[in-house]
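Letter by letter, the chains look like this.
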Amino acid sequence: ILIVRGLTLVAQALMPTNNETLIIFIATLTIALAFAPLRERVQILIDRAFFRSKVNYQRLLPELSAQLASNIVLEQLTPLLTVEIPSRLQIADANLLVLDSTGQELISPSRDRSVSQSQGDFNLPLDHPLVEYLLHIKRPLLRSQGERLAEQVNLFLEEQDIVLSIPLIIGQSGVKPEGTVEPMVGLYNLGPKLSGLPYTHVEVQLLTVLGSQAAVSVENARLYREVEGYSHTLEQQVEQRTQQLI
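First, a word on scope: everything that follows refers to the structure included in this document. Quick caveat, the model's predicted, so the values are computed rather than measured.

Calculation criteria
- Residues numbered from 1 in each chain as written.
- Predicted model: local features only at pLDDT ≥ 70, side-chain atom pairs only at ≥ 80, totals over all residues.
- Heavy atoms only, no water.
- Helix = DSSP H or I, 4+ residues; strand = E, 2+ residues; numbered from the N terminus.
- Contact = heavy atoms within 4.5 Å.
- Areas by Shrake-Rupley, 256 points an atom, 1.4 Å probe, with all protein chains shown as cover.
- Buried < 20%, exposed > 50% of the residue type's maximum accessible area, 1.4 Å probe, protein only.
- Pairing = 2+ DSSP bridges.
- Core = buried A, V, L, I, M, F, W, Y, C linked by side-chain atoms within 4.5 Å.
- Salt bridge = Lys/Arg side-chain N within 4 Å of Asp/Glu carboxyl O.

### A look at the overall build of the protein chain
If you tally the helices and strands in the protein chain, you get 7 helices and 6 strands. Of the regular secondary structure in the protein chain, the N- to C-terminal order runs α-α-α-α-β-β-β-α-β-α-β-β-α. Here the analysis covers contacts within the protein chain between residues at least 6 apart in sequence; of these, 56% occur between residues at least 24 apart. Summed over its atoms, the accessible surface of the protein chain is roughly 15,900 Å², and 58% of this surface lies on carbon and sulfur atoms.

Put into structure tokens, the structure is as follows:
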């Protein structure tokens, strides 16, 4: 109003007309045309200030996806999921569990069975209530959603300070024969956000996409390790055979 009034006074001084309505219209139109580009710039600044996390998630998704796709070694994949991604997305902590060689247990990739477990480092059998529930719903579990969880599942999530649990399942899309169960190759657990705010729907969606890509990367890493182990065994057999011939 002050700007319109100021421009009206200027227009009255410059234009030899007593039509105040016309002067006010010209002043208002001038402000509207001049402020359109400024409004866009102000809107961008507001978006960056108040929706920073959303903008960052959308910008980081292609970059993090590319890093997940390029890692086929579990020793490199683990710190990416448990250190770098939580740090980049402002999440307090995260842990990764992968299916062991027996196919009966989800274990930490860095866990050495000869060494006592550190805090936050645990393993889960496939018949654990949390694993069974995730295989049943076949989607991420957000603890703050208020879902009706079994007491044992809820207690475990609270003890481990897990807010979002993402099952790493291969082949979730597409039509499958009746009775077919998608194999869970791992479990990706994330703690609370550093801001203390709950996860938004957009954040859960983006983390779910990363979880799907992580499932493929974990499976590729497992296959790579199997091939590497087979190659090492074959190399040893060839070396032994060569020594026998000599």
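Once you've had a look at it, read on.
### Considering the pairing of strand β1 (residues 94-99)
Taken across its 6 residues, β1 has 5 buried, putting it largely inside the fold. Examined bridge by bridge, β1 and strand β6 (residues 184-190) share 5 bridges and lie antiparallel to one another. By the bridge assignment for β6, Asn95 is matched with Asn189. Across 2 bridges, the pairing between β1 and strand β2 (residues 105-107) is antiparallel. If you follow Leu99 over to β2, its bridge partner there is Leu106. Between β1 and β2, which follow one another and run antiparallel, lie 5 residues, and Gly103 among them has a positive phi close to 70°.

### Some points on the nonpolar core
Counting residues in each nonpolar core, the largest one holds 31 residues, and the members touching the most others are Leu168 and Tyr199. Breaking this core down by element, the ones donating at least two residues are α3 (52-70), α4 (74-88), β1, β5 (164-169), β6 and α7 (201-245). The element contributing the most residues to this core is α7, with 8 residues. Within the second largest apolar cluster, 16 residues are counted, among which are Phe122, Val131, Ile169 and Met184.

### Description of the pattern of salt bridges
When the charged atoms of two side chains lie near each other, side chains of opposite charge can form a pair. Within this structure, the stated rule accounts for 4 salt bridges. Glu203 is the partner of Lys193 in a salt bridge, and the nearest nitrogen-oxygen pair spans 2.9 Å. Of the two residues, Lys193 sits in the loop between β6 and α7 while Glu203 sits in helix α7, which places them 10 residues apart along the sequence. By relative accessible area, Lys193 is classed as buried at 11%. Here Arg222 and Glu219 are joined by a salt bridge, their closest N and O atoms 2.7 Å apart. Here the residue Arg222 and the residue Glu219 both occupy positions in helix α7, the gap between them amounting to 3 residues, near one helical turn. Arg222 gets classed as partly exposed once you look at its relative accessible area, which sits at 33%.

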